[in-house]
Structure formats: structure tokens, C-alpha cells
Amino acid sequence: MGEKLVEAMESHKMFTMNLFGLKIPVSDVIVSMWVVMAVMIIFAIILTRKLTSVPNKKQNVAETIVEFINNMVKDAIGPHHWKAFAPYLGTIMLFLIFANTISIFNVIPGEGFKLRPPTRNINVTVCMALMSICVVIYAGIRYKKFSGWLKSFIEPSPVMLPFNILEYFIKPTSLALRLFGNILGAFIVMELIYMALPIFAPAALSIYFDLFDGILQAYVFMLLSCLYIAEAVE
Amino acid sequence: MTGTGIIAIAAAIAVFTGVGAGVGIGLATGKAVEGIARQPEAAGDIRTVTLLGAALAEATAIYGLVVALVLIFLKM
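How each quantity is defined
- Residues numbered from 1 in each chain as written.
- Chains lettered and ligands numbered in written order.
- Predicted model: local features only at pLDDT ≥ 70, side-chain atom pairs only at ≥ 80, totals over all residues.
- Heavy atoms only, no water.
- Axes fitted to C-alpha atoms, helices over the stretch in contact; angles between N-to-C directions.
- Helix = DSSP H or I, 4+ residues; strand = E, 2+ residues; numbered from the N terminus.
- Parallel < 35°, antiparallel > 145°, perpendicular 65-115°, else oblique.
- Left-handed = near helix turned anticlockwise from the far one by under 90°.
- Contact = heavy atoms within 4.5 Å.
- 1 Å grid on protein atoms, 1.4 Å probe; cavity = no way out; pocket = protein on both sides within 12 Å on 5 of 7 lines; lining within 4 Å.
- Points joined across faces, edges and corners; volume = space filled by probe spheres on them.
- Nonpolar A, V, L, I, M, F, W, Y, C, P; charged D, E, K, R; others polar.
- Expected span 1.5 Å × (residues − 1).
- Buried < 20%, exposed > 50% of the residue type's maximum accessible area, 1.4 Å probe, protein only.
- Patch = residues over 30% accessible without salt bridge, like charges linked within 9 Å, V, L, I, M, F, W, Y side chains within 5 Å.
- Areas by Shrake-Rupley, 256 points an atom, 1.4 Å probe, with all protein chains shown as cover.
- Salt bridge = Lys/Arg side-chain N within 4 Å of Asp/Glu carboxyl O.

A. Inspection of the packing of helix α3 (residues 57–77) of chain A against helix α7 (residues 201–233) of chain A at higher detail. Residue and element names in this part refer to chain A. Running from N to C, α3 and α7 cross one another at 40 degrees; their axes reach a closest spacing of 8 Å. Judged by the inter-axis angle, α3 sits oblique to α7. Considering the relative orientation of α3 and α7, their crossing is right-handed. Here α3 contributes Ile-69, Met-72, Val-73, Ala-76 and Ile-77 to the contact with α7, which in turn contributes Tyr-219, Met-222, Cys-226, Ile-229, Ala-230 and Val-233.

Following this line, the structure appears as C-alpha cells:
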């Protein structure tokens, strides 16, 4: 049982890609991220074709999603600077929602490639947290100018300098570890349930562990990025 | 002396961080329910702040889980 669990948690090399003489190993984590990207791109193309000023059915869905994200970002960042960050935050939230809940679409029977959440790998979450902290630094430099951003390190008093520097390391660490730990924890619990009670029980528990937890963590990641940006631009 | 048993006990102790997170989230949710009962029109704001507070309180439990996983899978 332990080996099966470890096998499910680790990433496996699927094939090697040749790129300009470099041999790049491609793992199943990357392949499942490609699946998420493909689904998102197809949805985006279908939903935004033939846009009209009087919305039809498909356009209503797209407009609801965009409105929801815009309102949330506007509430958190404020009415002046929200427009520059809404696309990034919306993309990251939709990507994480799809990525965290992808295991409920794992309908291929048998061994081999399985759709498992790519965010159970710590490299993916660290990368997303680094992206967020880069946006936070960019927001600070853009809206406070470089000198104002440097000055923000010694506010409210120069004694706080080490803590303010440390903040830029703690924020991405906590973002990455929170997402990774939550998704991996829920994933392990679901794998144990699949092993112990393969009939009926996974259907009910998957609603909490896959859907609710995945969407909540995507929302929390986006909300925390929002608050960090709001703190940087004020 | 076998190291495996000691590592398993260490991982179990690391998961004790969950106690703090449970108490913290319980307190936060209790206060949020009180707030919504007293002022139902502020439910939206209270929900956002509660989710955020719960996520931050939960982080300690998640660190415990990560430490336990590192102990089990990298040291055993």
C-alpha cells in the first residue's frame, strides 16, 4: 500500500523531448498541465467567439466570470489600480481551479497515464508563488517609483528593515507551501479512500476533497496575491 | 536502535501542529457567526475576512504536514 501511495505522489518521466540538441525530460505533471492549458484555451475560444453588444448564451457565461473576477479584484486593490492586475489574478485563479480539480476527470481505466492534480508537485506551486511575488515587486516599483519602493523598506521606522526584507521571502514560501500541502493532503486522503472503499464512498467524499478544497485553495491563493499587491500599491 | 520507528514518532509529533490550527479556525468561525447574527448585512465582508483568517491559521497545520511528509519520505 505504501509503495502505491508513493507511486501516486511522485512525478514520472513520460518521454524525452529533443529541443536544439538538449534532451528535456517531460513528466506527467507537465502533461497534465498541458491538458489544463488546452481545456482553458478551447473554452476561451468557444466562449468569446462572435461577441455582440447584446450578449447571447455563451457570452453571458464569459461575462459572468469576468465580472466576478473584476469585482473581487476591485474590492481588494481599490478603484484606481485594479485594472492592471485583474487579468493576471483571474488567469491564475482559473488555472488553479482547473488544475486542483482535474483528478475528478480521471476516467481512463487501467495503468499508465492518469490525470492527477499538477499542484501536488512542490515545483509547480513554488513557481506560481514566485510569479506572484514578482508581480508584487513590479506593482510596488510601478506605482511608488523606485525611490518610493526602497523607502517602503524603512517604514514605519528603520528598525523594521530586516523584517520588511524577510517579508519578501516569507510571502512566497507560505503561498507555495499552503497550496502544496493542502492539495497533496487532500490527494493522499482521496487515494487512501480509493484503496479502502472503492465503491460509493469516493463519489461523496470527492465533492469535499477534490472540488471544495481545490476551489477554496485557488480562491485563497488569488485573494492573498490580491492583498499583497494592494499592500504594495497603497 | 532502529531509526525507522523514531522517525515515525517524529512525524506523528509534527502533525500535532493541527491542534493549534483547529482551535484557531474554530475561534475565527465562531466569531464570524456571531458577527453575521448581529449584523446580517455585513455577511459578505465577514465571509471574505473569515476565509482569509482560516487560510492563514491553517498554514501552521500545513507546515506540520509538510515536515511530517519530509521526515517520512526523505529520511525513511
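So, next bit.
B. Spatial organisation of empty space enclosed by the protein. All names here are of chain A. Enumeration over the complete set of coordinates arrives at 2 cavities of 30 Å³ or more. The calculated volume of the largest cavity comes to roughly 60 Å³. Asn-100, Ser-103, Pro-117, Ile-183, Ala-186, Phe-187, Phe-209, Asp-210, Asp-213 and Gly-214 are the residues that line the largest cavity. For the lining of the largest cavity, the secondary-structure elements that each account for two or more residues are α6 (161–196) and α7. Top contributing element to the lining of the largest cavity by residue count: α7, with 4 residues. Classifying every residue of the lining of the largest cavity gives 5 nonpolar, 3 polar and 2 charged.

C. View of helix α2 (residues 28–47) of chain A. Residues and elements named next belong to chain A. Relative to the 28 Å expected for 20 residues at 1.5 Å per residue, α2 spans 28 Å between its end C-alpha atoms, a close match to the ideal helical length. Within the sequence span of α2, burial applies to Asp-28, Val-29, Val-31, Ser-32, Met-33, Val-36, Met-40 and Leu-47. Residues of α2 that are buried in the fold lie against β1 (13–19), β2 (22–27), α3, α4 (82–100) and α5 (122–151).

D. Structural view of a nonpolar patch on the surface. Residues and elements named next belong to chain A. Taken together, the side chains of Met-14, Phe-15, Met-17, Leu-19, Phe-20, Leu-22, Ile-24, Ile-30, Trp-34, Met-37, Ile-41 and Ile-45 make up a nonpolar region of the molecular surface, amounting to roughly 1,100 Å² of accessible area. Every element with two or more residues in the nonpolar patch is listed here: β1, β2 and α2. If one sorts the elements of the nonpolar patch by residue count, α2 sits on top with 5 residues. With respect to the helices and strands, Met-14 occurs in strand β1.

E. Representation of the pattern of salt bridges. Residues and elements named next belong to chain A. Evaluation of the coordinates by the stated rule reveals 3 salt bridges over all chains. Between Asp-28 and Arg-120 there is a salt bridge, with its nearest N and O atoms 3.8 Å apart. Of this pair, Asp-28 sits in helix α2 while Arg-120 sits in the loop between α4 and α5; the two residues are 92 residues apart in sequence, bridging distant segments of the chain. Judged by its relative accessible area of 4%, Arg-120 falls in the buried class. In this structure, the salt-bridge partner of Lys-171 is Glu-167, at a minimum N-O distance of 3.8 Å. Of this pair, Lys-171 and Glu-167 both sit in helix α6, separated by 4 residues, roughly a single helical turn. Judged by relative accessible area, Glu-167 falls into the partly exposed class, the value being 31%. Through salt bridges with shared partners, a single ionic network connects Glu-167, Lys-171 and Glu-231.

F. Focus on the packing of helix α1 (residues 2–9) of chain A against α6 of chain A. Residue and element names in this part refer to chain A. It is the contact of α1 with α6, at a shortest axis distance of 11 Å, that shows an interaxial angle of 140 degrees. Between α1 and α6, the interaxial angle falls into the category oblique. The hand of the α1/α6 crossing is right-handed. Residues Lys-4, Leu-5, Ala-8 and Met-9 of α1 form the contact with α6, whose participating residues are Leu-184, Phe-187, Ile-188, Glu-191, Leu-192 and Met-195. Residue classes in the contact of α1 with α6 are distributed as 8 nonpolar, no polar and 2 charged.

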